[in-house]
Amino acid sequence: MSSAFHKILIANRGEIAVRVMRTARAMGCRTVAVYSSADADAEHVRQADEAVWIGESLPAQSYLNIAAIVEATHASGADAVHPGYGFLAENAAFAQACRDAGLVFIGPSPEAIRAMGDKAGAKRLMQTAGVPCIPGYQGEDQRTEKLAAEAARIGWPVMIKATAGGGGRGMRLVTSAANFAEQLHSAQSEALNAFGDATVILERAIVAPRHIEIQVFADRHGNAIHLGERDCSVQRRHQKVIEEAPSPAVSGALRERMGATAVAAAKAIAYEGAGTLEFLLDAEGQYWFMEMNTRLQVEHPVTEAVTGLDLVELQLRVAAGEPLPLTQQEVRIAGHAIEVRLCAEDPQQGFLPQSGTLTAWRPSPALRTEHALRDGAAVPPFYDSMIAKLVAHGRTREEARQRLVAGLQDTVALGLSTNQQLLQRALSHDVFASGAATTAFIGDHLESLLAADAVDDTRAALLAALLLQLGERGWPSPLAHTLPNSLRFSLHGVVRAARVTPRGGGRFDIALDGAAPVQLALLALPGDGSLRFSCGGLAEQAFVARQAERVDFHFRGQSFRLENLTHVAVARTDGTGSDGLLRASMNGRVIALLVAEGDAVAAGQPLVTLEAMKMEHVHCAPRAGRVALHVAVGAQVAARHVVAQVADA
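Treat the numbers as computed from the prediction; the structure is a model and nothing was measured. (Residues numbered from 1 in each chain as written. Predicted model: local features only at pLDDT ≥ 70, side-chain atom pairs only at ≥ 80, totals over all residues. Heavy atoms only, no water.)

Enquirer: I tried to follow the overall build of the protein on my own but got confused; where do I start?
Expert: Looking only at helices and strands, the protein has 16 helices and 39 strands in total. Expressed as lengths along the three principal axes of its C-alpha atoms, the size of the protein is roughly 80 × 65 × 55 Å. Each of the 649 residues in the protein was classed as buried or not, and the buried ones make up 56%. Considering only contacts in the protein between residues 6 or more positions apart, those separated by 24 or more positions represent 61%. When the accessible surface of the protein is split by element, carbon and sulfur atoms take 51% of a total near 26200 Å². (Helix = DSSP H or I, 4+ residues; strand = E, 2+ residues; numbered from the N terminus. Buried < 20%, exposed > 50% of the residue type's maximum accessible area, 1.4 Å probe, protein only. Contact = heavy atoms within 4.5 Å. Areas by Shrake-Rupley, 256 points an atom, 1.4 Å probe, with all protein chains shown as cover.)

Structure representation (structure tokens):
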């Protein structure tokens, strides 16, 4: 492979920046990273040949700063820019600025981005091109009363969508007129903060459809092809969680029909480069256009796995003016691939975003894992919560699914709460395994996906007691005492008590929460973080990362946070109830104060809105009373920081 470019600047961060660098390097091209203050020591910076600081941590000050990125290309001598996905990838002004600066933008033209980037305009364009579209409203009149009237005309349920949006932001499903205005204002606020544009369109909500997307590629010589479909139906809050290719719901004939529609749409706007047309597919095989993403998709690895193509290489070659290297007849789909998005979030706490430090990272060697992580990597609160993508390929869908479940269980990600267990349960659920999952899958089955497992939790608690008993000394000395040791600890926020009695030879009797003792035996402690032990005759493995204030460990495909409370005084309550303190639920930035200093508020009334990892989170009054605000708009706050206090009126 060789590249027409000497040096490529990747105007992005994280795993996609590393992914682009990998192909660029294989093609003999030098790479330049850009980074914010929060990413000064990030993995994508370490892996690039050169790196340029472009601003402070907030995206608007760095990764969305067009002037700073263009200046970085001049400072580094780059002759091309790859935007990745997100940030400026679908920003026509950025593509135009690159063109004006004499740089090659590795993506479609500013005109094509502009045509498809506005959801309302794109829908009108597709209707003209004969592409089936969902009934809706995409007018310029954005008054609340006008939009409410249009929603009633379309019929409930209705989907509100930000025209400049993506990734589920600025989207709301509204089921009746009663809460339309509230949901509209929420969507507009989120869209304005995320994209700088509060304009929305309305669409009839298709209940429990499949979300199918078609990958297209086009060159400047008039050639356009599709690379089959991806099924992205498993979503949460309109954000994709699991993606696969091909779709279990798409026949060969339907693939040909949808592919022809997508190619016709690309040709209608003289498209160039990689693009994706997204459709909703109902149970009868009818499909409707939703939007076109004028960039590389997060889920492009599943298409690469089944076609054998490097989509980033194709992007570079097309951007250099080369014709597509294959025709539609030469595209082959082999086997099945499934991808999951590993996100730093706490599913048990309403999927709150998590930021902090990754204490240990050991991806499974059996999977293709796209990431920009390492032990000690920082996960900042300013950007998307996705930290890695895990991909499995097999001859059949079932083979790919089983490989992904096993690889996901073996992947170690410690230090932050993630959706790792939820992903395993989703992949293992009968509905997903049968290929029947729709966009309603997570919502319909959330309770079972998040349900506690008493057996796993008990064994994890027994292991936690063993780890505390061992301490940092490791293997117990043969001269160690055999007196019982009382322990108290918190495991994932649940306080447990244990009585540990050493029996010599690495064996211990552990009585958990007053229950009958169970014998655990330490089998191996190699010193690399791994640990082998047996409990009730069953030998198992774990991975342990000890911190100054806690112990993180990976066991049975899950990560656990263990805090030793043995010498911590038991908190006592005076019976007065809430102290009125409202604390930040996660690291984030204050984007709105919904009340004024000294206002009288009711219990549960919204007080402060925080933004973390591109999502808004409203914090409500813990009690009724008069409010005192402890933060200002724009402030960056840490988790548990007091943002307001409600006292007696």
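Enquirer: Just checking my understanding: could you explain the pairing of strand β27 (residues 518-524) for this structure?
Expert: Along any regular strand the residues' side chains alternate between the sheet's two faces. Bridging between strand β26 (residues 507-512) and β27 involves 4 bridges; their strand directions are antiparallel. Directly across from isoleucine 510, in β27, lies its bridge partner valine 518. If you look at the hairpin formed by β26 and β27, you'll find 5 residues sitting between the two strands, and aspartate 513 has a positive phi there, around 50°. (Pairing = 2+ DSSP bridges.)

Enquirer: What is the right way to look at the packing of aromatic side chains in this model?
Expert: The description of an aromatic ring pair rests on the distance of the ring centres and on the angle between the ring planes. According to the stated counting rule, one finds 10 aromatic pairs in the structure shown. Look at phenylalanine 279 and tyrosine 287: their rings are 5.4 Å apart centre to centre, the planes differ by 85°, and that puts the pair in the edge-to-face class. In this pair, the class of phenylalanine 279 matches that of tyrosine 287, namely buried. Chaining the aromatic ring pairs together yields one cluster made of Tyr63, Phe87, Phe382 and Tyr383. When the ring centre of phenylalanine 351 is taken as reference, the NZ or CZ atom of arginine 236 above it lies at 3.9 Å. (Phe/Tyr/Trp six-rings, centres within 6.5 Å; stacked < 30°, edge-to-face > 60°. Lys NZ or Arg CZ within 6 Å of the ring centre and 35° of its normal.)

Enquirer: What is the right way to look at helix α3 (residues 66-76) in this model?
Expert: Think of an α-helix as 3.6 residues a turn; residues three or four steps apart then line up on the same face. Those residues of α3 lying buried are Ala68, Ile69, Val70, Ala72, Thr73 and Ser76. Among the structural elements, β1 (7-10), β2 (30-36), β3 (50-55), β4 (80-82) and α4 (92-100) are those in contact with the buried residues of α3. Between the side-chain oxygen of the N-cap and the backbone nitrogen of alanine 67 there are 3.3 Å, and the N-cap of α3 in question is asparagine 65. One or two positions beyond α3, positive phi appears at glycine 77, with a value near 80°. (Polar contact = N/O pair within 3.5 Å; in protein donor to acceptor, adjacent residues only side chain to side chain.)

Enquirer: Before we go on, may I ask you to explain the nonpolar core in this structure?
Expert: A general trend in soluble globular proteins is that nonpolar side chains are found buried together. Counting residues in hydrophobic clusters, the biggest one holds 34 residues, and the most contacted among them are Ile242 and Leu427. Among the secondary structure elements, those contributing two or more residues to this core are β12 (239-245), β15 (336-343), β22 (386-394), α12 (397-410), α13 (420-428) and α15 (441-450). With residues near it in sequence (within four places) discarded, isoleucine 242 still touches Asp231, Cys232, Ser233, Val234, Ile338, Glu339, Val340, Ala426, Leu427 and Phe432. Among the nonpolar cores identified, the runner-up in size contains 33 residues, and Ala33, Tyr85, Leu314 and Met386 belong to it. (Core = buried A, V, L, I, M, F, W, Y, C linked by side-chain atoms within 4.5 Å.)

Enquirer: In this structure, what is going on with helix α16 (residues 454-470)? I would like to understand it.
Expert: The end-to-end C-alpha separation of α16 is 24 Å, in line with the 24 Å expected for 17 residues at 1.5 Å each. A large share of α16 lies buried, amounting to 13 of its 17 residues. Its side-chain oxygen at 3.1 Å from the backbone nitrogen of valine 455, aspartate 453 defines the N-terminal cap of α16. Glycine 471, located one to two residues past α16, shows a positive phi value of around 60°. (Expected span 1.5 Å × (residues − 1).)

Enquirer: Help me out: how do you make sense of the sheet that holds β27 in this one?
Expert: Think of a sheet as strands paired side by side through backbone hydrogen bonds, with each pair either parallel or antiparallel. Read around the closed barrel, the 8 strands follow the order β24-β25-β26-β27-β28-β29-β30-β31; overall the barrel is antiparallel. Pairs of neighbouring strands in the sheet enclose a mean axial angle of 35°, with direction left out of account. One ladder, built from 6 bridges, connects strand β25 (residues 494-504) with β26; its direction is antiparallel. For proline 502, the partnering residue across the bridge sits in β26 and is phenylalanine 508. (Axes fitted to C-alpha atoms, helices over the stretch in contact; angles between N-to-C directions.)

Enquirer: Could you clarify how one ought to interpret the packing of α3 against α4 in this entry?
Expert: The relative placement of two packed helices is expressed as an angle between their axes plus a distance between the axes. It is at 10 Å that the axes of α3 and α4 come closest, and there the two elements cross at 30°. Taken as axis vectors, α3 and α4 run roughly parallel relative to one another. Of the two elements, α3 crosses α4, and the hand of that crossing is right-handed. For the pair formed by α3 and α4, the contact residues are Ile66, Ile69 and Val70 on the first element and Ala93, Phe94 and Ala97 on the second. Residues of the contact of α3 with α4, tallied by class, amount to 6 nonpolar, no polar and no charged. (Parallel < 35°, antiparallel > 145°, perpendicular 65-115°, else oblique. Left-handed = near helix turned anticlockwise from the far one by under 90°. Nonpolar A, V, L, I, M, F, W, Y, C, P; charged D, E, K, R; others polar.)

Enquirer: Sorry, what's going on with the pattern of salt bridges here?
Expert: When their charged atoms lie close together, side chains carrying opposite charge are able to pair. What the rule picks out here adds up to 50 salt bridges. Two residues, arginine 13 and aspartate 39, come together in a salt bridge whose shortest N-O distance is 2.6 Å. Here the residue arginine 13 occupies a position in the loop between β1 and α1 (14-26), and aspartate 39 occupies one in the loop between β2 and α2 (43-47), the gap between them amounting to 26 residues. Relative accessible area serves as the criterion here: at 2%, aspartate 39 is assigned to the buried category. Residues glutamate 272 and arginine 220 are paired through a salt bridge, measuring 3.1 Å at the closest nitrogen-oxygen approach. In this pair, glutamate 272 sits in the loop between α9 (252-268) and β13 (273-281) while arginine 220 sits in the loop between β10 (210-218) and β11 (224-236), placing the two residues 52 residues apart along the sequence. (Salt bridge = Lys/Arg side-chain N within 4 Å of Asp/Glu carboxyl O.)

Enquirer: Any chance you could explain the side chain of aspartate 509 here in plain terms?
Expert: In this fold, aspartate 509 is placed in strand β26. In this structure aspartate 509 comes out as buried when scored by relative accessible area, which is 15%. Of note is the side chain of aspartate 509, whose polar atom sits 2.7 Å from the side chain of arginine 503.

Enquirer: Help me understand unusual backbone geometry in this model?
Expert: Glycine aside, residues mostly have negative phi, and peptide bonds are mostly found in the trans state. Here tryptophan 156 and proline 157 are connected by a cis peptide whose omega angle stands at -5°. Its location among the elements puts proline 157 in the loop between α7 (144-154) and β7 (158-162). Positive phi, close to 50°, is recorded for phenylalanine 87, a residue that is not glycine. Mapped onto the secondary structure, phenylalanine 87 falls in the loop between β4 and α4.

Enquirer: Which parts of the structure should I look at to understand the environment of glutamate 111?
Expert: The topology assignment puts glutamate 111 in helix α5 (residues 110-117). In sequence terms glutamate 111 and threonine 175 are 64 residues apart; their C-alpha atoms lie 36 Å from each other. Of note is the side chain of glutamate 111, whose polar atom sits 3.2 Å from the side chain of arginine 99.

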